[in-house]
Amino acid sequence: MTTQTRSTTKLIFGAALAGATLLTAGCAGRNNGPRDTAYVARDVESLYGEAKRRLDNGQAQLAAALFDEVERQHPYSPWARRAQLMSSFSYYVAKDYNKAIQASQRFLQIHPGNKDAPYAFYLIALSYYEQISDVQRDQKITDQALTALEEINRRFPSTDYAADARLKIDLVRDHLAGKEMEIGRHYERSGQWIAAQIRFQNVVDTYQTTSHAPEALYRLTETSLALGVPDEAVKYAAVLGANYPGTDWYEKAYDLVQDHASGVSPS
């Protein structure tokens, strides 16, 4: 995630928890060792304040452990609910995404109707989103990110979280389309024309608003000619010309059809 997006996230989070009184404890040093999170009975405000101080000082992993300690030591305090969400946020800042997701999910299980529930969903989505790998890798995390982002848009459509989610949904869908194209090209290079067509057709059917759609139509033109069905090739080239006129992909498809299917009518 970019620095600007991270700053926005922190700003939104600060607004969600505005009004909290934060006290800083003087009993803990700056050491990151085990004694910082070892069980020592402390009053809830001091413990919470120390966790917040650690987070502000860039010690996010330690802060998360201290926020967890707030809940363990004071489970029935109003601070416990706040600490649960702050723990999730701290794990997210520390890039410990699995724990951030688990902490947010636990918060939602315990407080499903809480006013901060939208932010918990948002943290889950961001934690998946920031793990998206390049198109050469398995896209399970990408699918999970898309599901989580769409859930935010469905549940909280008028929130800032949903507005950001909608932007990220477009990026994730483009990424998934890119994966389909990468696999389709591999099949095409291997001469597995039908397998390639399935991938390219999926881009046209499922990801038609992404940047990969013009190339997918061109590849369908190519593979149709390779399969000996020039009328199908002409059809795909015509769709490409109708939707993306003037693009390099259309120019290539037009030349291809003129060379190998001149005079053929689309099916």
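Worth saying up front: this structure is predicted, and the values here are computed from it rather than measured.

Novice: Describe in detail the nonpolar core, supporting the description with residues and values.
Specialist: Generally speaking, nonpolar side chains in soluble globular proteins are found buried as a group. Grouped together as the largest cluster of nonpolar side chains are 68 residues, with contacts concentrated most on Phe 67 and Ile 152. Not counting chain neighbours up to four residues away, the residues in contact with Ile 152 comprise Phe 121, Tyr 122, Ala 125, Pro 157, Tyr 161, Ala 162 and Ala 165.

Novice: Now, about the packing of helix α2 (residues 44-56) against helix α4 (residues 78-93): what can you tell me, with residues and values included?
Specialist: Packing of α2 against α4 brings their axes to within 11 Å, and their N-to-C directions diverge by 15°. As the angle between them shows, α2 and α4 are arranged roughly parallel. Of the two elements, α2 crosses α4, and the hand of that crossing is left-handed. For the pair α2 and α4, contact is made by Val 44, Glu 45, Tyr 48, Lys 52 and Leu 55 and by Trp 79, Arg 82, Ala 83, Met 86, Phe 89 and Ser 90, respectively.

Novice: Give a description of a nonpolar patch on the surface that names residues and reports values.
Specialist: On the surface, Ile 194, Ile 198, Leu 227 and Val 229 cluster together to form a nonpolar patch covering roughly 350 Å² of accessible area. Structurally, Ile 194 can be placed in helix α9 (residues 193-206).

Novice: Help me get a handle on helix α7 (residues 140-155), residues and values and all.
Specialist: Taking 1.5 Å of rise per residue, the 16 residues of α7 would be expected to cover 22 Å, and the 23 Å separating its terminal C-alpha atoms lies within 8% of that figure. Of the positions making up α7, those classed as buried are Thr 142, Ala 145, Leu 146, Ala 148, Leu 149 and Ile 152. Along the axis of α7, the buried residues cluster in a sector spanning 165°; they form a single face. α7 presents Lys 140, Thr 147 and Arg 154 as exposed residues on the side facing more than 90 degrees away from its buried surface. Those residues of α7 hidden inside the fold are in contact with α6 (117-129) and α8 (160-189).

Calculation notes
- Residues numbered from 1 in each chain as written.
- Predicted model: local features only at pLDDT ≥ 70, side-chain atom pairs only at ≥ 80, totals over all residues.
- Heavy atoms only, no water.
- Core = buried A, V, L, I, M, F, W, Y, C linked by side-chain atoms within 4.5 Å.
- Buried < 20%, exposed > 50% of the residue type's maximum accessible area, 1.4 Å probe, protein only.
- Contact = heavy atoms within 4.5 Å.
- Axes fitted to C-alpha atoms, helices over the stretch in contact; angles between N-to-C directions.
- Helix = DSSP H or I, 4+ residues; strand = E, 2+ residues; numbered from the N terminus.
- Parallel < 35°, antiparallel > 145°, perpendicular 65-115°, else oblique.
- Left-handed = near helix turned anticlockwise from the far one by under 90°.
- Patch = residues over 30% accessible without salt bridge, like charges linked within 9 Å, V, L, I, M, F, W, Y side chains within 5 Å.
- Areas by Shrake-Rupley, 256 points an atom, 1.4 Å probe, with all protein chains shown as cover.
- Salt bridge = Lys/Arg side-chain N within 4 Å of Asp/Glu carboxyl O.
- Expected span 1.5 Å × (residues − 1).
- Arc of directions from axis to C-beta.

Purely geometric stuff here, so don't read any function into it on its own.
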